[in-house]
Amino acid sequence: MAKTEAKKNAEKKSAKKSPQTLVIVESPAKAHTIEKYLGTGYTVKASMGHLIDLPKSRIAIDTENNFEPEYITVRGKAKLLKELQKDAKKSSLVLLASDNDREGEAIAWHLNRALKEKTEAPIRRIVFNEITPIAIKEAVQHPGEIIESKVNAQKARRILDRLVGYNLSPLLWAKVKNGLSAGRVQSVALRLICEREVEVENFMPEEYWSLAADFSKGKTTFTAQLVSYKGEKPDLKSETQVNEIIEQIKNAECKVGTIKSTDKVVRPKPPFTTSKLQQAAANRLGFTSRKTMQIAQQLYEGVNIGENRVGLITYMRTDSVRISQTALTEIREWIEKNHPEDLPPEAIEYSVGKGAQDAHEGIRPTYVSYTPESVKDFLTRDQLRLYTIIWERLVSSQMNNAKTRTTSAEIIAGDAVFRVSASKIVEKGFYKVIRLLSSKEEAQGNLPALKEGEVITSGKFYPEQHFTQGPARYTDASIVKTLEERGIGRPSTYAPIISVLLDRYYVTRSNKQLVPTQLGKMISKILVESFPDVINESFTAQVENDLDKVEQDDLVWTDMIGGFYGPFKKHVEEVTETTESVKGFLDEATDKICDKCGKPMVKKLGRFGFFLACSGFPECHNTKSVPLAKCPMPNCSGEIVARKTKGRGKEFYGCTNYPECTFISHFKPIDQYCPKCGWFLVEKYDKKNGAYKSCINPDCDYLHSAEDEEKKSAPIAAEEKI
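If you're wondering where the values come from, they're calculated on a predicted model, not measured in any experiment.

**Comments concerning the overall build of the chain**
Along the chain, the regular secondary structure elements total 21 helices and 30 strands. With the principal axes as the frame, the chain shows a C-alpha extent of 100 × 80 × 60 Å. Counting only residues that meet the buried cut, the chain has 48% of its 722 residues in that class. The long-range fraction of contacts in the chain, counting pairs at least 24 apart against all pairs at least 6 apart in sequence, stands at 65%. For the chain, the computed accessible surface area is about 37300 Å², with 49% contributed by carbon and sulfur atoms. Here the chain contributes 107 positive and 97 negative side-chain charges, whose respective centroids are spaced 6 Å apart.

Have a look at this one:
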């Protein structure tokens, strides 16, 4: 017994002395997963991202010496770096396992320089696309070297962004307001959002009408839409025109006209890229781009499935749809077992998009056998929803096409022709694994068995008022789509671009739409007018192409930066001298008088927009909301300002002459007035119409929907008043 115990102790002691391999990854969650896979003989630590980087307090680029960067240990990470150096000194081998992209390569490069001073152990680089036992062990068994050209591409991007940001930001401080900042890529995205906002603001909707009618055959009733009147497409501008048509045809005999059936082949979509995942998650799940990437990171780094810790998806920053042969084999085996009738004879190949780096596979589950149903008890609701669309997209991409059939029938009533259509899926194909497919998508409309020429019965008519829809504001999904299509940014930057604009309050979210603030509009205007050659999509896309060339060793990074910086710096100096400051405009004098000290009020621009402040500051701290519109009530000289309820702090808009004037609006006024009655317009939003403009006058029908009539502005409850 004693001998057995002694033997165990000896084995433990021996194990402690055995050579240890240090593996350094970026995050603790990833370290936890990988350490379980590698077992004894390996220590896995996390660098927590970049440990060494440019300082935040100064530009730190020697523009006179080949743009040499001055790197420092990131504030607050010196202790962690020392710990890693100690671990490296005790190890027989160091493996740098940061992410397989430019940022990851740069992290590995900096770690290599910092560690090799403290250890004699060899330092090697390993990369993997998925965190699975096979992938990790394969990477460990075949370590490589740091790719210098990849590091140079990251260095070039970092330095270029630093040179642009640290030159444009002081310009904004001098001309606009202290504390502002500008970025090369974010400013282009802001420009796109601001230009779209101008289109939205300038659009004035036009009224038009549609007409639908009920028709019956036996006990079945269906609704059809008017598509032709007297041989022409109806152009109905008023309710009067619609009523005239109804009067003409209401007693007419109704016959079934042409019946057509059309089959359509629906092909499966390729596996997700980063941008397509963000778009799908925004449209189907309502996720922001940031949330999508956070959850994807969790699925990639590993979650506990029972007693096992599993990285459920492959690397989530990719612009490729390529899938490994091993994964294709596994997918086809799963389909053959579960849906053999929908397995194509050969694997389906998808072409990689133009400009794609193709460094990684498309985003896919690491194991197809981990179906959403089998892992649902181990994931949070949001993790499961995102994993589900990734799993379904991957498996469906290797299944047969689906086929839909659309049947349309024309109903002739006098001089009017109505049309009704119904669609159904006749061959489900890859749709068999799309659980998020709604019943509405599976079958749209319901038609009785109709024959051409047979007489049917007409019923109720449904005239409906509409307004033409203007351009839609960008959402997370549509701005990511636009950035990708125009070559702006890369998979790793889409979510951060949006986040930076929101964090700086250059943009806000309203009903999932990205709306530029007054501050954002002003900054974009100055930057675009002053630097049209830099704050534009073609320059930004060209930078991405040049960075790709640097990574491919086809372009020297210092040449890339040098060709840009000279002319740019000269132009910054010219703009600084010639551009007038708008600080005077931001601190604009008004005729308003402070009701606390009697001094004039000044219009100022703060983080959350314009406001009125007492010119007696700092002695007087009085502030007020800026008037948004003239009060529309008869014989009232007041103005409409933003207010908040006492209890919940909910924003509403009321007259400055309250309580004498009790006008209240729950909708924010816009700088436009009703062409019918002269009251101000407000912007409203509903799922059916999206964002639209409406007159605030409850007695005016300009752009009023039926819902608006039910939600007319009313006084706020007494307990909610200011």
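**Description of the pairing of strand β18 (residues 507-510)**
Two faces make up the sheet, and in a regular strand the side chains alternate between them. Across four bridges, the pairing between β18 and strand β19 (residues 513-516) is antiparallel. Residue pairing in the sheet places V507 in a bridge with P516 of β19. Two successive antiparallel strands, β18 and β19, enclose a turn made up of two residues, where N511 displays a positive phi of approximately 50°.

**Some thoughts on the sheet that holds strand β25 (residues 639-644)**
Hydrogen bonding along the main chain pairs the strands of a sheet, whether they run parallel or antiparallel. A sheet is described by the order of its strands in space; here four strands give the open sequence β24-β25-β26-β27, paired in antiparallel fashion. Two strands lie at the open edges of the sheet, namely β24 (629-630) and β27 (664-665), each paired on one side alone. In this sheet, strand β26 (residues 651-655) lies alongside β25 in antiparallel orientation, the contact comprising five bridges. Note on β26: the bridge partner recorded for I640 is C655.

**What about the sheet that holds strand β2 (residues 42-46)?**
Spatially, four strands are ordered β2-β1-β7-β8 in an open sheet, and the strand pairing comes out parallel. For this open sheet the edge positions go to β2 and β8 (123-125), each flanked by a neighbour on one side alone. Averaged over all adjacent pairs, the angle separating strand axes in this sheet is 25°, with direction ignored. Across five bridges, strand β1 (residues 21-25) lies against β2 in parallel orientation. Its bridge partner being in β2, V25 is matched across the sheet by A46.

**Here's the deal with the pairing of strand β15 (residues 416-427)**
By the bridge criterion, four bridges tie strand β10 (residues 220-229) to β15 in an arrangement that is antiparallel. Looking at the pairing, S228 lines up with V417 of β15. Two elements, strand β14 (residues 402-413) and β15, share 11 bridges in a ladder whose sense is antiparallel. Across the sheet, T407 pairs through a bridge with A422, a residue of β15. In textbook terms, the turn of a hairpin is the stretch between consecutive antiparallel strands, and for β14 and β15 this stretch comprises two residues, one of which, G414, has a positive phi near 65°.

**Observations regarding the side chain of E454**
Turning to its location among the elements, E454 is positioned in the loop between β16 (443-444) and β17 (455-467). Here K217 takes part through its side chain, which lies 3.3 Å from a polar atom of the side chain of E454. Of note is the side chain of E454, whose polar atom sits 2.5 Å from the backbone nitrogen of K451. When residues no more than four places from it in sequence are discounted, the contact partners of E454 are K217, C254, K255, V256 and A449.

**Some remarks on the pattern of salt bridges**
The full count for this structure, using the stated rule, is 41 salt bridges. Notably, a salt bridge pairs E201 with K521, separated by 2.8 Å at the nearest N-O pair. Residue E201 is located in helix α7 (residues 184-202), and its partner K521 is located in helix α17 (residues 518-530); the two are separated by 320 residues in the primary sequence. Accessibility expressed as a relative area gives 32% for E201, which makes it partly exposed. For K521, a relative accessible area of 31% gives the class partly exposed. Notably, a salt bridge pairs E484 with K276, separated by 3.1 Å at the nearest N-O pair. With a gap of 208 residues between them, E484 in helix α15 (residues 476-485) and K276 in helix α9 (residues 274-285) connect regions that are remote in the sequence. What makes E484 partly exposed here is its relative accessible area of 27%.

**As for the packing of helix α10 (residues 289-301) against helix α16 (residues 494-503)**
Look at α10 against α16: their axes get within 8 Å of each other, and the N-to-C directions meet at 130°. With respect to α16, the element α10 is oriented oblique. In this structure, α10 meets α16 at a crossing whose hand is left-handed. Listed contacts from α16 to S289, R290 and M293 of α10 are A495, I498, S499 and D503.

**As for the nonpolar core**
The biggest cluster of nonpolar side chains holds 65 residues, and the ones touching the most others in it are I479, F531 and F568. Among the elements that make up this core, the one with the highest residue count is helix α6 (residues 148-175) (nine residues). Leave out the neighbours within four places in its chain, and F531 touches L168, L171, F568, H571, V572 and V575. Of all hydrophobic cores here, the second largest spans 62 residues; its members include F287, I305, I389 and F430.

**Things to note about helix α4 (residues 102-115)**
Taking 1.5 Å per residue, 14 residues should reach 20 Å; α4 reaches 20 Å between its end C-alpha atoms and fits that length. The buried count for α4 comes to 12 of 14 residues, which makes it a mostly enclosed element. Along α4, the residues that are buried comprise R102, G104, E105, A106, I107, A108, W109, H110, L111, N112, A114 and L115.

**Examining the confidence of the model for the chain**
With 91% of its residues at a pLDDT of at least 70, the chain reaches an overall mean of 88. Residue range residues 705-722 is modelled with pLDDT below 50. Its contacts to residues more than four positions away, or to other chains, number 30 contacts.

Thresholds, definitions, all that
- Residues numbered from 1 in each chain as written.
- Predicted model: local features only at pLDDT ≥ 70, side-chain atom pairs only at ≥ 80, totals over all residues.
- Heavy atoms only, no water.
- Helix = DSSP H or I, 4+ residues; strand = E, 2+ residues; numbered from the N terminus.
- Buried < 20%, exposed > 50% of the residue type's maximum accessible area, 1.4 Å probe, protein only.
- Contact = heavy atoms within 4.5 Å.
- Areas by Shrake-Rupley, 256 points an atom, 1.4 Å probe, with all protein chains shown as cover.
- Lys, Arg positive; Asp, Glu negative; His and termini not counted.
- Charge placed at Lys NZ, Arg CZ, Asp CG, Glu CD.
- Pairing = 2+ DSSP bridges.
- Axes fitted to C-alpha atoms, helices over the stretch in contact; angles between N-to-C directions.
- Polar contact = N/O pair within 3.5 Å; in protein donor to acceptor, adjacent residues only side chain to side chain.
- Salt bridge = Lys/Arg side-chain N within 4 Å of Asp/Glu carboxyl O.
- Parallel < 35°, antiparallel > 145°, perpendicular 65-115°, else oblique.
- Left-handed = near helix turned anticlockwise from the far one by under 90°.
- Core = buried A, V, L, I, M, F, W, Y, C linked by side-chain atoms within 4.5 Å.
- Expected span 1.5 Å × (residues − 1).
- pLDDT = per-residue confidence, 0-100.

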